[in-house]
Amino acid sequence: MATGAELLRNIKEQIKEVDPREVHDQLQSGNGTRPVLVDVREQHEFEDGHIPGAVHVPRGHLETRIEGAVSDRGKPVVLYCTSGNRSAFAADTLQRALGYEDVASMTGGITLWKDRGFEVDVPRALSAEQRSRYSRHVLLPEIGIAGQLKLLDAKVLLLGAGGLGSPTALYLAAAGVGKLGLVDDDVVDVSNLQRQVIHTTDRVGVAKVDSAEESIKALNPDVEVEKFNLRLDASNIMDIIDGYDVIVDGVDNFPTRYLLNDATVRTKTPVVSASILGFDGQLSVFAPHDGPCYRCLYPTPPPAELAPSCGANGVLGVLPGTMGLLQATEVIKLIAGAGEPLIGRLLLYDALAATTTELKVRRDPECPICSRDPDSISEEEMGVFPDYEAFCAGAG
Ligand SMILES: [Zn+2]
């Protein structure tokens, strides 16, 4: 029976080894001989620093994952590890067991590569606590560490800490969105608690932004909360939305929606918009200039009787939860760059019938706002809307 050292020696006689200098030169060359560089170390080693452009296939997953990384068995492949031993075993597996034709192991591994003065990428990493907290995200290839880091860097503004804002804020906080802005000038009322689950009975009478902040911090202390205890209007909107990557629209009135639309078309900030009434919900993503805006969908305000802010309307308590979590999902997709965002599509949810319907929404080439150069939209033009009291009076 061979010892480990003898086995390694035998393996190294069977495979090709290349010096880091040669690998460096091959990687620089733009021609077809450029090899695929594969890092076969463990996840944490890769995260601590790797050679730029390397793909990561840990040796323990080599047989099952290498085809995903290098599908063409004729392509030159260079494997490396820390010192050149694990990559030698991996090279042997690739050429003997899996039929790769041009495999080499890099002598001395990344240690010698660094000694030769070549560049290493040290990616930002999650802390041990974050790795554990977000482990179920990291396991998803669509999110992974890169997506989680994007979430941690993201700034999301929530308009309204009410029915829609409550579940959205809680789940975005749980997902690790780095900064949440909350805009709401209301205080918690006992009639809110049937659906506004971020608030609690003992916080009745407390400002909603303060109550929401308390719940967010209890769930995830890493999240930075910026509070705006005010009503959004034309005089403050540009300052408030400044610096946010995505806006979650949970406002309950049409004038603010038009104002928000016009401001975000100017700043090119995507808005994830939802509305609810009774048992019905609507959802869409307005990505200025990539898809239609709110005015393309509703060139004129919807009938006044559908305006929730015109009076107290009934709503199934669960419905804002459903729609708010669909909003949170779209926000995470936009930030992580995963999946197909709901741009140019309007999702209608009928809770009583348990059906969803999707409508296509097209950009209006004549849209008074988004058909224009965003810089040409003036302050005076933002949020132009018919007289609101007259509008609500129409609701009867
Ligand atoms: Zn438009």
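Our subject is the structure listed above.
As the structure is a prediction and not an experimental result, all values here were calculated from the model.

A.B. asks: Would you explain the coordination of the zinc ion in this entry?
C.D. replies: Where a metal carries four tetrahedral donors, each ideal angle is 109.5 degrees; where it carries six octahedral donors, the ideal angles are 90 or 180 degrees. Coordination of the zinc ion by the protein comes from Cys 293 (SG), Cys 296 (SG), Cys 367 (SG) and Cys 370 (SG), over a distance range of 2.2 to 2.4 Å. One can describe the site at the zinc ion as tetrahedral: its four donor atoms subtend angles covering 95 to 120° at the metal. Going along the chain, you hit the donors of the zinc ion in the pattern C-x2-C-x70-C-x2-C. Taken as a pair, Cys 296 in helix α14 (residues 294–297) and Cys 367 in the loop between β13 (355–360) and α16 (388–393) lie far apart in primary sequence, 71 residues in all. Judged by its relative accessible area of 10%, Cys 296 is buried.

A.B. asks: Please explain the environment of Ile 247 as it appears in this structure.
C.D. replies: Locating Ile 247 in the fold gives a position in strand β9 (residues 246–249). Residue class for Ile 247 comes out buried when judged on its relative accessible area of 0%. For the pair Ile 247 and Thr 93, spaced 154 residues apart in sequence, the C-alpha to C-alpha distance is 50 Å. Other than its neighbours up to four places away in sequence, Ile 247 contacts Leu 157, Leu 159, Ile 241, Leu 260, Thr 264, Thr 269, Pro 270, Val 271 and Val 272.

A.B. asks: Looking at this structure, I do not really get unusual backbone geometry. What am I missing?
C.D. replies: With the exception of glycine, most residues fall at negative phi, and the peptide bonds are largely trans. One non-glycine residue with positive phi stands out, namely Lys 268, at about 60°. For Lys 268, the location among the structural elements is in the loop between α13 (254–267) and β10 (271–277). For Lys 268, a relative accessible area of 53% gives the class exposed. The backbone of Ala 354 sits at a positive phi, close to 55°, despite the residue not being glycine. Secondary-structure assignment places Ala 354 in the loop between β12 (345–350) and β13.

Rules and cut-offs
Residues numbered from 1 in each chain as written. Predicted model: local features only at pLDDT ≥ 70, side-chain atom pairs only at ≥ 80, totals over all residues. Heavy atoms only, no water. Donors = N, O, S within 2.8 Å, 3.2 Å for Na, K, Ca; no water. Tetrahedral: all angles 85-135°; square planar, octahedral: opposite > 155°, others 65-115°. Helix = DSSP H or I, 4+ residues; strand = E, 2+ residues; numbered from the N terminus. Buried < 20%, exposed > 50% of the residue type's maximum accessible area, 1.4 Å probe, protein only. Contact = heavy atoms within 4.5 Å.

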